[in-house]
Amino acid sequence: MMAGALDGTVALVTGASSGIGAATATGLADAGATVALVARRRQRMDAIVETIRARGGSASAFEADITDRSQAEQAVERAVAEHGRLDILVNNAGTMLVGPVADADDAEWQRMLDINVSGLLHVTRAAVPHLGRAASSAPRRVADIVNISSTAGRVARPNYAVYSLTKFGVNAFSESLRQELQPQRVRVGIVEPGAVDTELISHVRTGIREAIETQLATIERLAPEDIADAVTWMTTRPPRVAVNELLVRAGAQTW
Ligand SMILES: NC(=O)c1ccc[n+]([C@@H]2O[C@H](COP(=O)([O-])OP(=O)(O)OC[C@H]3O[C@@H](n4cnc5c(N)ncnc54)[C@H](OP(=O)(O)O)[C@@H]3O)[C@@H](O)[C@H]2O)c1
C-alpha cells in the first residue's frame, strides 16, 4: 500500500456502511484521502468513521438513500461543502436479488435497477463538476471515478439475468463516460469482483439464497479488503496511467 499517495485528496464512497464499501473507505483513508461515507445505515457508518480516525485517518458519514435523486445530490454537495473538494468517487452501493426470470418479483427487479443503475447515475452526475475541478488542481491533477461492477457484468449466468443487466449496463456507462471525461483528466474505471465475503447474499430470497451458499461453501471467497486494494491501486496510479478495468475473481472460482 502506498501510504500518503492520496494525501490532500477527498474521496466519496457509496455503500460504505458494510462490505466492499466499508473496506474501500478504510483503504483510501489509509492511503491519505479524507473519505466521505455515503449509505443509509448511520450507526454502521459512524463505527467505520471511528475506526478510520483511530487509524489516524480522516472521514465523515453522510446518510442518504441514493435511489432518491435529491438525497444523492445532497450527499455529494454536503461532502464537498464539508471537505472542500472531490477527487475520487467510488460508486459501490448495490444489491443482488437473483432468481429465475419466470417467477421473478417485480419489486426485486425495480430495486436492482433503482440502486445499481439509477443511484449510480444520480451520484455520478452530481459529482462530475467537482471531479473536473479537482483534476485541474493540486495535489494530483487527475481525478477518478471507480464503478464497482461484477463478474456478472462480464459473464451472464442463469438466475442472474437482471443483476447482470444492471452490471453490463454499468460497464457500458463507464466506457462511454470514460471517453466523455478524458479531456478533463477524470479517469473512469470499473472493478469487477468475483465472490466476496459480504452481506450481499443475505438479501437474496429464501430458496435461492441456500443454493448460492452451497455453491460458495466449496471455495474460499475474497475478503472485502481484496477489492479495496484494487480500488486503491487504481486511484494511486500517476496521471499518465489510466487503469480502466480490473476483474478480480476468487482464486478457486470457476465462474
Ligand atoms: N459480494 C460480492 O460477492 C460481490 C461481487 C461482485 C460485485 N459486488 C458488488 O459490490 C458492491 C458492494 O456490495 P457488497 O458485496 O459489499 O454488499 P453489502 O455489504 O450488502 O453492501 C452494499 C452497500 O450498498 C448500500 N446501499 C444499498 N442500497 C442503498 C441505497 N438505496 N442508498 C445508499 N446505499 C445503499 C448498503 O448500505 P445501507 O444498507 O446502509 O444503505 C451497503 O453499504 C455492490 O455493487 C455489489 O453488486 C459484490
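Rules used throughout
Positions within a chain are numbered from 1, following the residues in the order the chain's sequence is written. Where totals are concerned, whole chains, interfaces and linings use all residues; where local detail is concerned, this predicted model gives features only for residues with pLDDT of at least 70, and gives and counts side-chain atom pairs only at 80 or more. Hydrogens and water molecules were not included; the side-chain quantities draw on all heavy atoms of the structure. Helix numbers and strand numbers start at the N terminus; a helix is a DSSP run of H or I with at least 4 residues, a strand a run of E with at least 2. Values of the radius of gyration come from C-alpha atoms, whereas the globule rule sets the reference at 2.2 Å times the count of residues to the power 0.38. Only protein chains enter the calculation, and the probe is 1.4 Å; a residue is then buried if its accessible area is under 20% of its type maximum, exposed if over 50%, and partly exposed in between. The contact definition used throughout considers only heavy atoms, calling two residues in contact when any of these lie within 4.5 Å. Only the protein chains shown count as cover for residues, with accessible areas throughout obtained via the Shrake-Rupley method and a probe of 1.4 Å. Note on pairing: two strands pair once DSSP finds at least 2 bridges between them. The definition of a right-handed crossover adopted here requires that, viewed with the strands pointing away, the path from the first strand over the helix to the second runs clockwise. Fitting a line to C-alpha atoms yields each axis, with helices limited to the stretch in contact; the angle taken between N-to-C directions then spans 0 to 180 degrees. Think of a nonpolar core as a cluster: buried Ala, Val, Leu, Ile, Met, Phe, Trp, Tyr and Cys residues, connected wherever their side-chain atoms sit within 4.5 Å. Salt bridges are identified by distance alone: a Lys or Arg side-chain nitrogen within 4 Å of an Asp or Glu carboxyl oxygen. Here a residue counts as near a molecule or strand whenever at least one of its heavy atoms sits within 4 Å of it. In the analysis that follows, any N or O atom pair within 3.5 Å is treated as a polar contact, provided that within protein one partner can donate a hydrogen and the other can accept it, and provided that, for residues neighboring in sequence, both atoms belong to side chains. Gly is put with the polar residues, along with every residue not named as nonpolar or charged; the nonpolar set is Ala, Val, Leu, Ile, Met, Phe, Trp, Tyr, Cys and Pro, and the charged set is Asp, Glu, Lys and Arg.

Caption draft 1: Structural context of the overall build of the protein chain. The number of helices and strands found in the protein chain is seven helices and seven strands. Listing every helix and strand of the protein chain by position from the N terminus yields β-α-β-α-β-α-β-α-β-α-β-α-α-β. Computed over the C-alpha atoms, the radius of gyration of the protein chain is 17 Å, within 12% of the 18 Å expected from 2.2 N^0.38 for a compact globule of 255 residues. For the protein chain, with 255 residues in total, the buried portion stands at 51%. Within the protein chain, residue pairs in contact and separated by at least 24 positions form 72% of the contacts whose partners lie at least 6 positions apart. In the structure as shown, the protein chain presents an accessible area of about 11,200 Å², 51% of it carried by carbon and sulfur atoms.

Caption draft 2: Highlighting unusual backbone geometry. Cis peptide bonds are those with omega within 30 degrees of zero, and the linkage from A138 to P139 qualifies with 5°. The topology assignment puts P139 in the loop between α4 (106-135) and β5 (143-148). Within the chain, N159 stands out as a residue other than glycine whose phi angle is a positive 80°. When you line up the elements, N159 lands in the loop between β5 and α5 (161-181). Look at R185: it is not a glycine, yet its phi comes out positive at around 60°. Inspection of the secondary structure assignment puts R185 in the loop between α5 and β6 (186-193).

Caption draft 3: Broad picture of the pairing of strand β4 (residues 88-91). The alternating pattern of β4 places I88 and V90 on one face and L89 and N91 on the opposite face, and all of these are buried. In this structure, β4 lies alongside β5, joined through four bridges in parallel fashion. Among the inter-strand pairings, V90 is bridged to a residue of β5, identified as V146. The parallel pair β4 and β5 is bridged by α4, and the resulting crossover is right-handed.

Caption draft 4: The sheet that holds strand β2 (residues 34-39), seen in detail. Pairing is parallel across the open sheet formed by seven strands, whose spatial order is β3-β2-β1-β4-β5-β6-β7. For this open sheet the edge positions go to β3 (58-63) and β7 (245-248), each flanked by a neighbour on one side alone. Sheet twist, expressed as the mean angle between neighbouring strand axes with direction ignored, is 15°.

Caption draft 5: Inspection of the environment of A156 at higher detail. Within the secondary structure, A156 is located in the loop between β5 and α5. Take A156: its relative accessible area is 58%, and that puts it in the exposed class. Between the C-alpha atoms of A156 and I66, which are 90 residues apart in sequence, the distance is 26 Å. Excluding anything up to four places from it in sequence, A156 contacts S164 and F168.

Caption draft 6: Examining the nonpolar core more closely. One finds L28, V35, L37 and I212 to be the most contacted residues of the largest nonpolar core, which totals 50 residues. If you tally residues by element for this core, the top one is helix α1 (residues 19-30), at five residues. In this structure L28 touches L6, A11, V13, A33, V35, I88, V90, T232 and T235, once residues within four positions along its chain are discounted.

Caption draft 7: Representation of the pattern of salt bridges in the model. Overall, the coordinates contain 17 salt bridges when judged by the stated rule. Ionic pairing is found between R42 and D46, a salt bridge with its closest N-O pair at 3.3 Å. Separated by four residues within a single helix, R42 and D46 lie in helix α2 (residues 42-54), roughly one turn from each other. For R42, a relative accessible area of 32% corresponds to the partly exposed category. Look at D46 and you get partly exposed, because its relative accessible area is 32%. For the salt bridge of R205 with E108, the shortest nitrogen-to-oxygen distance reads 3.4 Å.

Caption draft 8: Expanded view of the site of the ligand. Close to the ligand lie 29 residues, the nearest being S17, S18, R40, Y163 and T198. Within the side chain of D65, an N or O atom sits 2.8 Å from a nitrogen atom of the ligand. Expressed as a share of its isolated accessible area of 880 Å², the protein-covered part of the ligand is 95%. Elements represented by at least two residues in the shell around the ligand include exactly α1 and α5. The residue inventory of the shell around the ligand, partitioned by class, reads 13 nonpolar, 11 polar and five charged.

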